Amino acid sequence: MEVNNELIYKIVKQVLAEGMPDSKGDDFEKHIDPSGVITIKTETVKCQTFDVGVPAKVKLLDVVTLEESPRLGCGILEIDHSTYPWTLTYDEFYYVVEGILDIVAEGRHNLGYQGDILHIPKGTSICFSSPETCRAVYFTYPADWENAEI
């Protein structure tokens with residue numbers, strides 16, 4: 001096969017048409033269409049240990065960058081037989097993929113099972129909890145939830 005400008009042009013055009021993988025080199029499958037549409041294979045996402053300030057088995061991973069989605073954040077949360085307190089400085093939705101997600105607010109348990117959606121309003125003090133292993137997709141507004149203020 002002869003490498004020439006026409007072949008290089010065809011290869012570059014095909015790569016651009018198919019979208020580039022995430023520039024961070026995340027260890028999960030993500031396709032970014034030139035239109036901006038993002039497809040993430042959630043079963044390929046491997047979460048990282050997340051320090052919640054108390055002994056708890058918690059992992060998470062933001063799956064979109066602020067550059068990709070500057071207003072709405074998205075990631076995966078895993079809780080393994082653990083409970084931990086949290087105060088939200090942002091609005092957040094959870095879609096439970098597997099297990100049970102328990103949001104304890106003002107002493108009341110709000111249980112989410114596989115397929116359920118839970119919303120936690122900005123400013124709410126809660127405990128995230130799961131009596132088993134739970135995996136959920138979260139959506140935050142604003143996207144920069146770590147720097148949001150009440």
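Before reading on, note that the structure itself is shown above.
Okay, so let's go over this structure. (Residues numbered from 1 in each chain as written. Predicted model: local features only at pLDDT ≥ 70, side-chain atom pairs only at ≥ 80, totals over all residues. Heavy atoms only, no water.)

**A few points about the overall build of the protein**
Step number 1: Secondary structure summary: the protein contains one helix and 10 strands in total.
Step number 2: From first element to last, N terminus to C terminus, the protein shows the α and β order α-β-β-β-β-β-β-β-β-β-β.
Step number 3: Accessible surface computed for the protein: about 9,400 Å², of which carbon and sulfur atoms make up 54%. (Helix = DSSP H or I, 4+ residues; strand = E, 2+ residues; numbered from the N terminus. Areas by Shrake-Rupley, 256 points an atom, 1.4 Å probe, with all protein chains shown as cover.)

**Here's the deal with empty space enclosed by the protein**
Step number 1: A complete count under the given rule lists one cavity of 30 Å³ or more for this structure.
Step number 2: Lining the largest cavity are Phe-50, Leu-60, Leu-77, Tyr-84, Trp-86, Tyr-90, Glu-92, Tyr-94, Phe-128, Tyr-138 and Trp-145.
Step number 3: Elements supplying a minimum of two residues to the lining of the largest cavity: β5 (73-87), β6 (91-98) and β10 (125-141).
Step number 4: The biggest single contributor to the lining of the largest cavity is β5, with three residues.
Step number 5: Classifying every residue of the lining of the largest cavity by side-chain character gives 10 nonpolar, no polar and one charged. (1 Å grid on protein atoms, 1.4 Å probe; cavity = no way out; pocket = protein on both sides within 12 Å on 5 of 7 lines; lining within 4 Å. Points joined across faces, edges and corners; volume = space filled by probe spheres on them. Nonpolar A, V, L, I, M, F, W, Y, C, P; charged D, E, K, R; others polar.)

**Things to note about the environment of Asp-27**
Step number 1: The residue Asp-27 is located in the loop between α1 (5-18) and β1 (30-32) in this model.
Step number 2: Sequence-wise, Asp-27 and Val-45 are 18 residues apart; in three dimensions their C-alpha atoms are separated by 6.8 Å.
Step number 3: Among residues more than four places away in sequence, those in contact with Asp-27 are Thr-44 and Lys-46. (Contact = heavy atoms within 4.5 Å.)

**Overview of the environment of Ala-56**
Step number 1: Residue placement: Ala-56 occurs in the loop between β3 (48-49) and β4 (58-62).
Step number 2: Look at Ala-56 and you get partly exposed, because its relative accessible area is 24%.
Step number 3: For Ala-56, the contacting residues outside a window of four places in its chain are Ser-82, Thr-83 and Tyr-84. (Buried < 20%, exposed > 50% of the residue type's maximum accessible area, 1.4 Å probe, protein only.)

**Details of the nonpolar core**
Step number 1: In this structure, Leu-77, Tyr-84, Trp-86, Tyr-94, Leu-101, Ile-126 and Phe-128 are the most contacted members of the largest nonpolar core, which totals 24 residues.
Step number 2: Looking at this core, the elements with two or more residues in it are β4, β5, β6, β7 (100-105), β9 (117-120) and β10.
Step number 3: The biggest single contributor to this core is β10, with five residues.
Step number 4: Residues in contact with Ile-126, not counting those within four places in the same chain, are Tyr-84, Pro-85, Trp-86, Leu-88, Ile-103, Val-104, Ala-105 and Ile-120.
Step number 5: Core analysis: the next-biggest nonpolar cluster, separate from the first, contains nine residues, Phe-28, Val-63, Val-64 and Val-137 among them. (Core = buried A, V, L, I, M, F, W, Y, C linked by side-chain atoms within 4.5 Å.)

**Describing unusual backbone geometry**
Step number 1: Residues Tyr-141 and Pro-142 are joined by a peptide bond in cis, for which omega reads 5 degrees.
Step number 2: In this structure, His-81 is a non-glycine residue whose phi angle is positive, near 45 degrees.
Step number 3: Phi is positive for Glu-106, which is not a glycine, with a value near 50 degrees.
Step number 4: As for its placement among the helices and strands, Glu-106 is situated in the loop between β7 and β8 (108-113).

**Points about the pairing of β8**
Step number 1: Pairing analysis gives six bridges linking β7 to β8, with the strands arranged antiparallel. What sits directly across from Ile-100, in β8, is Tyr-113.
Step number 2: The antiparallel pairing of β7 with β8 creates a hairpin that spans two residues between the two strands, and Glu-106 there sits at a positive phi of about 50 degrees. (Pairing = 2+ DSSP bridges.)

**A closer look at the side chain of Asp-102**
Step number 1: When you line up the elements, Asp-102 lands in strand β7.
Step number 2: For the buried Asp-102, no salt bridge is present, and the opposite-charge side chain at shortest range is Arg-108, 10 Å distant.
Step number 3: Within the structure, Asp-102 has its side chain in polar contact with the side chain of His-109 (distance 2.5 Å).
Step number 4: In this view, Asp-102 contacts His-109, Asn-110, Leu-111, Cys-127, Phe-128 and Ser-129; residues no more than four positions away in its chain are not counted. (Lys, Arg positive; Asp, Glu negative; His and termini not counted. Salt bridge = Lys/Arg side-chain N within 4 Å of Asp/Glu carboxyl O. Polar contact = N/O pair within 3.5 Å; in protein donor to acceptor, adjacent residues only side chain to side chain.)

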